[in-house]
Amino acid sequence: MEQQKKKMDSQEKKKAQEARFQDLTTTPIEKLIPRLALPTMVSMMVTALYNAADTYFVGRISTEATAAVGLVFSIMAIIQALGFFCGHGSGNYLSRMLGGGHKKEASEAASTGFALALCIGLFLAIVGNLFVEPLAYLCGAEVTTLADTMAYMRIILIGAPFMTGQFVLNNQLRFQGSALYAMIGLLSGAVVNVALDPLLILGLHMGVRGAAIATISGQFMSFCMLFLGSRKGANIRIRLQDVHFNSHYLLEIVNGGAPSLCRQGLAAVATLLLNHMAGNLGGDAAVAGMSIVTRVTMMMSSALIGFGQGYQPVCSFNYGANIKSRVRQGYFFCVKYGVIFLTVIAVVCYLFAEPIVRCFRDDPVVVEVGARALRFQTCVFPVNAVIVMTNMMLQSIGKGVKASIMASARNGICFIPMILILPSLFGLTGVEVSQTCADVLTFLLSIPFAVTELRKMKEA
């Protein structure tokens, strides 16, 4: 009786997987991508909300506390980078394997990526707390912000295993076409985070410690819900017996995840440099202003990234199934509507820059710095549609080297020279305009990469 039940469950799962294959390879692009993108857009905006909520409520305490949360963001970016590294690396590979009908390899890649993320997160939690003071100084903390920076960082580091683990589960679900489960998992965590922030920060007067506890509580809730979601329907199950730390799977994770590691890791480096330059030229108020702009632009960009993530499973699945015309069609579809969306967002943010920054911290110097930087960045918002979609396409079709270069450009290859050179020439204005200049250079770099690969697919 039990064997018969297992057989029926296996048959049902096989039918569900076949139905998913048909959906991803035959449904019209203009219907498929928006359907997959809506949950991922919500998921990405929820992820950005974690940081924005902390900044908003901490902004009610002091400028120094706001600056401290901004300083720790670079550490959170590193944790996120490693989570995305394992999640995108294993997710890209499992999606191509499912597209090619290799379910065993897909299952082993998923379990290995998840286990690797937990190990990395545990290592960060232990080592980070042992060296929390040097890390705080490395992030740019001064005497006025050191205590708050260390208090916030200690608690955030404790939650590192849950943060890395939930980023992996979220991405693996997306690459299987289960964006709804991914959205529910992240949304549940956001509700917990936003509910606890005012209670702990303002109600119980726990300050930045309350903000950190709210954040890791939300991450833990997301972790649990995403793990449950991975065990539903036709999704690949995470199983201990499928964990294989061998060269094959580790290399696949590196190939697929390196672009994400470069992108997110360099974002951490960029944040460090940005905080140091802003602090040297404008003090705590400038750090607070730039950190607010980082949160705001992340909220705006998260919708675009979520839209692109709706394209990723379509891209990798169809590339694996050798239906490359759909990869091209999806790319142009996403670029077109991405540019339209970002143009609208850019106009709104430009016109209302000061009120937007003031929502987070009503300090004249903070508002002045933040509003000017936000206006500079909105001027080039639309070109990010080409940058993001090109990067995602290259990563999803397994072009690891090109994707890594693209991912390194915006926050590394192009940004780091700008943040090192422009402030010495233009002072604080150079800090505010650095990201704008880096975006223009990255856009110019993305064009030949996109044209080359799209031409190959057309000729295939």
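Asks: Describe the overall build of the chain, with residues and values.
Replies: For the chain, the count of helices and strands is 17 helices and 0 strands. For 460 residues, the compact-globule estimate of 2.2 N^0.38 gives 23 Å, and the C-alpha radius of gyration of the chain, at 22 Å, lies within 12% of that figure. Structurally, the chain occupies a C-alpha span of about 65 × 50 × 35 Å along its principal axes. Every one of the 460 residues in the chain was classed for burial, and the buried ones make up 59%.

Asks: Residue-level account of the nonpolar core, with values.
Replies: With 127 residues, the main nonpolar core has Tyr152, Tyr331 and Met393 as its most contacted residues. It is helix H10 (residues 247-320) that contributes the most residues to this core, 24 residues altogether.

Asks: Can you lay out H10 for me, pointing to particular residues and giving the numbers?
Replies: If you check H10, its first and last C-alpha atoms are just 22 Å apart, much less than what 74 residues at 1.5 Å a residue would give, namely 110 Å. Roughly 140 degrees is the biggest bend found in H10, and it falls at Gly282. You can read the cap of H10 off the contacts: a side-chain oxygen lies 3.2 Å from the backbone nitrogen of His248, and it is on Asn246.

Asks: Account for the packing of aromatic side chains, naming residues and giving values.
Replies: If you walk through the whole model with that rule in mind, you get 9 aromatic pairs. Measuring from centroid to centroid gives 6.0 Å for Phe114 and Phe227, while their planes differ by 35 degrees, and the two rings are tilted. Of this pair, Phe114 sits in helix H4 (residues 103-130) while Phe227 sits in helix H9 (residues 207-229), and the two are 113 residues apart along the sequence. Residue Phe227 is classed as partly exposed on the basis of its relative accessible area, which comes to 28%.

Asks: Outline the side chain of Thr149, supporting the account with residue identities and numerical values.
Replies: Here Thr149 is to be found in helix H6 (residues 146-158). In contact with Thr149, other than residues within four places in its own chain, are Ala68, Leu71, Val72, Ala136 and Ala141.

Asks: How would you summarise a nonpolar patch on the surface if you had to cite specific residues and measurements?
Replies: A surface patch of nonpolar side chains, about 760 Å² in accessible area, is lined by Tyr337, Ile340, Val344, Val347, Val348, Tyr350, Leu351 and Phe352. Structurally, Val348 can be placed in helix H11 (residues 324-351). A residue is classified by how much of its surface remains accessible, and Val348, at 41% relative accessible area, is partly exposed.

Asks: Report on the packing of H6 against H9, specifying residues and quantitative values.
Replies: Two elements in contact, H6 and H9, have axes whose closest approach is 8 Å; the angle formed by their N-to-C orientations is 20 degrees. The pairing of H6 with H9 is recorded here as roughly parallel in orientation. Relative to H9, H6 is oriented so that their crossing is right-handed. Of the residues in H9, those in contact with Asp148, Ala151, Tyr152, Ile155 and Ile156 of H6 are Val208, Arg209, Ala211, Ala212, Ile213, Thr215 and Ile216.

Asks: Tell me what's going on with unusual backbone geometry, and back it up with residues and numbers.
Replies: In this model, His205 sits at a positive phi of 55 degrees, which is unusual for a non-glycine residue. Topologically, His205 is positioned in the loop between helix H8 (179-203) and H9. A positive phi angle, close to 65 degrees, is found at Asn322, a residue other than glycine. Its location among the elements puts Asn322 in the loop between H10 and H11.

Asks: I'd like a rundown of helix H16 (residues 415-426), residues and numbers included.
Replies: With 12 residues, H16 should cover 16 Å at 1.5 Å per step; its first-to-last C-alpha distance of 16 Å lies within 8% of that length. Every buried residue of H16 is accounted for by Phe415, Met418, Ile419, Leu422 and Pro423. Projected onto a plane normal to the axis of H16, the buried residues spread over an arc of 100 degrees and lie on a single side. Turned more than 90 degrees from where H16 packs its buried face, Ser424 and Leu425 sit exposed. With its phi angle positive at about 65 degrees, Gly427 sits one or two positions after the end of H16.

Asks: Just give me the short version of the pattern of salt bridges, but keep the residues and values in it.
Replies: Tallying each qualifying case throughout the model produces 8 salt bridges. Across the pair Lys104 and Glu108 runs a salt bridge whose closest N-O atoms are separated by 2.8 Å. Placement of both Lys104 and Glu108 in helix H4 is noted, with a separation of 4 residues, approximately one turn of the helix. A relative accessible area of 57% places Lys104 in the exposed class. A salt bridge links Arg372 to Glu368; the nearest nitrogen and oxygen atoms lie 3.5 Å apart. Taken together, the positions of Arg372 and Glu368, both in helix H13 (residues 364-378) and 4 residues apart, correspond to about one turn of that helix. With relative accessibility at 47%, the residue Glu368 sits in the partly exposed group. One salt-bridge network, in which partners are shared between bridges, spans Glu368, Arg372 and Glu432.

Asks: Give a detailed account of the environment of Arg209, specifying residues and quantitative values.
Replies: Mapping Arg209 onto the fold places it in helix H9. On the basis of relative accessible area, Arg209 is assigned to the partly exposed category, the value being 48%. For Arg209 and Thr40, which are 169 residues apart along the polypeptide, the C-alpha to C-alpha distance reads 30 Å. Excluding residues within four positions of it along the chain, Arg209 makes contact with Ala151 and Ile155.

Reading guide: rules and limits
Residues numbered from 1 in each chain as written. Predicted model: local features only at pLDDT ≥ 70, side-chain atom pairs only at ≥ 80, totals over all residues. Heavy atoms only, no water. Helix = DSSP H or I, 4+ residues; strand = E, 2+ residues; numbered from the N terminus. Rg over C-alpha atoms; globule rule 2.2 N^0.38 Å. Buried < 20%, exposed > 50% of the residue type's maximum accessible area, 1.4 Å probe, protein only. Core = buried A, V, L, I, M, F, W, Y, C linked by side-chain atoms within 4.5 Å. Expected span 1.5 Å × (residues − 1). Bend = angle between axes of the 7 residues up to and from the residue. Polar contact = N/O pair within 3.5 Å; in protein donor to acceptor, adjacent residues only side chain to side chain. Phe/Tyr/Trp six-rings, centres within 6.5 Å; stacked < 30°, edge-to-face > 60°. Contact = heavy atoms within 4.5 Å. Patch = residues over 30% accessible without salt bridge, like charges linked within 9 Å, V, L, I, M, F, W, Y side chains within 5 Å. Areas by Shrake-Rupley, 256 points an atom, 1.4 Å probe, with all protein chains shown as cover. Salt bridge = Lys/Arg side-chain N within 4 Å of Asp/Glu carboxyl O. Axes fitted to C-alpha atoms, helices over the stretch in contact; angles between N-to-C directions. Parallel < 35°, antiparallel > 145°, perpendicular 65-115°, else oblique. Left-handed = near helix turned anticlockwise from the far one by under 90°. Arc of directions from axis to C-beta.

What is shown is where atoms sit, not what they do.
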